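Residues per chain are reported as follows:
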Amino acid sequence: MPTPLIDRIKARVSQPAYPPATRPQLEAAEWGIGFRLPDLVRDLYLQVGNGGFGPGYGIIGLEGGFEIYDQTLVASCWIYRDLKRRLETFTFSPPAWDWGSGWIIYAYWGGNLTTIVDCADPALPVYALDSLDLKPHSSKTLDQWWLGWLDGTLQQA
C-alpha cells in the first residue's frame, strides 16, 4: 500500500532505470539474506524500482536489478558478513565492528562509501561505512535518509 513517503519518491523517480521488482525476486532476496526486509524497503523495490535510484549511485537492486560491482543486495550482504574473517586471513587489521545479523548494504556513494541499514531495529537506523570505518549516519533513520534526499539536504555521511 502506498504511503506519502513512497508516493513522493515515486514522483521524483518518474522513470526508474529498472522496473519494480517482482514478489518472487523480493522473496528470493529475503531468503538469500535470511530475513524479511522492512516494509519501507520492500515497498520501494516493489513499487518504485529494482534499485538504481536515490542517493549516491542509488540503492542496490535485487536479482535482475541495479548492481554495484556486479553485486546485488544479497551478494553484497554476504561479502560484508564474511569481511572480518577474510581480512584476518590476509593479516589486515579487521574492523572494530561486527556485521549485524539484520544489516544490509543499501546504497553506494563511490569512493568506498556505502550506506548500511539495520533492518533488525524497528527504527531502521542508517550507518555510513567509509572503507572500514563505520559511523551512525547523520540522518539517523531510513525515513529521515529518504526525506533528506527528497528535500536536497542529505549528506553522504
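As the structure is a computational prediction, the values presented were derived from the model and not from experiment.

Each value, and the rule that gives it
Residues numbered from 1 in each chain as written. Predicted model: local features only at pLDDT ≥ 70, side-chain atom pairs only at ≥ 80, totals over all residues. Heavy atoms only, no water. Pairing = 2+ DSSP bridges. Helix = DSSP H or I, 4+ residues; strand = E, 2+ residues; numbered from the N terminus. Axes fitted to C-alpha atoms, helices over the stretch in contact; angles between N-to-C directions. Phe/Tyr/Trp six-rings, centres within 6.5 Å; stacked < 30°, edge-to-face > 60°. Buried < 20%, exposed > 50% of the residue type's maximum accessible area, 1.4 Å probe, protein only. Contact = heavy atoms within 4.5 Å. Arc of directions from axis to C-beta. Left-handed = near helix turned anticlockwise from the far one by under 90°. Nonpolar A, V, L, I, M, F, W, Y, C, P; charged D, E, K, R; others polar.

1. Details of the sheet that holds strand S4 (residues 133-141)
No. 1: On the basis of which strands lie adjacent, the open sheet formed by four strands has the order S1-S2-S3-S4 and antiparallel pairing. The strands lining the two open edges of the sheet, one partner per strand, are strand S1 (103-110) and S4. Strand-to-strand twist of the sheet, defined as the mean angle between neighbouring strand axes without regard to direction, takes the value 30 degrees.
No. 2: Where S1 lies against strand S2 (residues 113-118), six bridges are found, and the strand directions are antiparallel. From the neighbouring strand, Ile105 faces S2, where its bridge partner is Ile116.

2. Considerations on the packing of aromatic side chains
No. 1: Going through the model one piece at a time under the given rule, you end up with nine aromatic pairs.
No. 2: Considering the side-chain rings of Tyr106 and Trp145, the 5.5 Å spacing of their centres and the 55 degrees angle between planes classify their relative orientation as tilted. Taken together, the residues Tyr106 in strand S1 and Trp145 in helix H6 (residues 142-151) connect sequence positions 39 residues apart. Exposure class is identical for Tyr106 and Trp145. Each is buried.

3. Focus: the side chain of Thr115
No. 1: Note that Thr115 resides in strand S2.
No. 2: Residue classification places Thr115 among the buried positions, given a relative accessible area of 0%.
No. 3: Once residues within four sequence positions are removed from consideration, Thr115 is found in contact with Ile104, Ile105, Tyr106, Ala107, Trp109, Val126, Tyr127 and Trp145.

4. Comments concerning the pairing of S2
Across a regular strand the side chains alternate sides, sitting on one face of the sheet and then on the other.
No. 1: With six of its six residues buried, S2 lies for the most part within the structure.
No. 2: Side chains Leu113, Thr115 and Val117 of S2 all project onto a buried face; the interleaved residues Thr114, Ile116 and Asp118 project onto the opposite face, where all are buried too.
No. 3: Here S2 runs beside strand S3 (residues 125-130); their pairing, made up of five bridges, is antiparallel. Opposite Thr114, over in S3, you have Leu129 as the bridge partner.

5. A short note on helix H2 (residues 23-33)
No. 1: Turning to H2, its buried residues are Leu26, Ala29, Glu30, Gly32 and Ile33. Each buried residue of H2 lies within a common arc of 160 degrees when the element is viewed along its axis, so the set occupies one face. When the buried face of H2 is taken as reference, the exposed residues oriented beyond 90 degrees from it are Pro24 and Trp31.
No. 2: Following H2 by one or two positions, Gly34 has its phi on the positive side, about 90 degrees.

6. Some points on the packing of helix H1 (residues 4-12) against helix H3 (residues 39-47)
No. 1: Where H1 contacts H3, the axes come no closer than 11 Å and their chain directions differ by 35 degrees. Considering the relative orientation of H1 and H3, their crossing is right-handed. Contacts from Leu5, Ile6, Ile9 and Lys10 in H1 reach Leu40, Asp43, Leu44 and Gln47 in H3.
No. 2: Across the contact of H1 with H3, the residue classes tally to five nonpolar, one polar and two charged.

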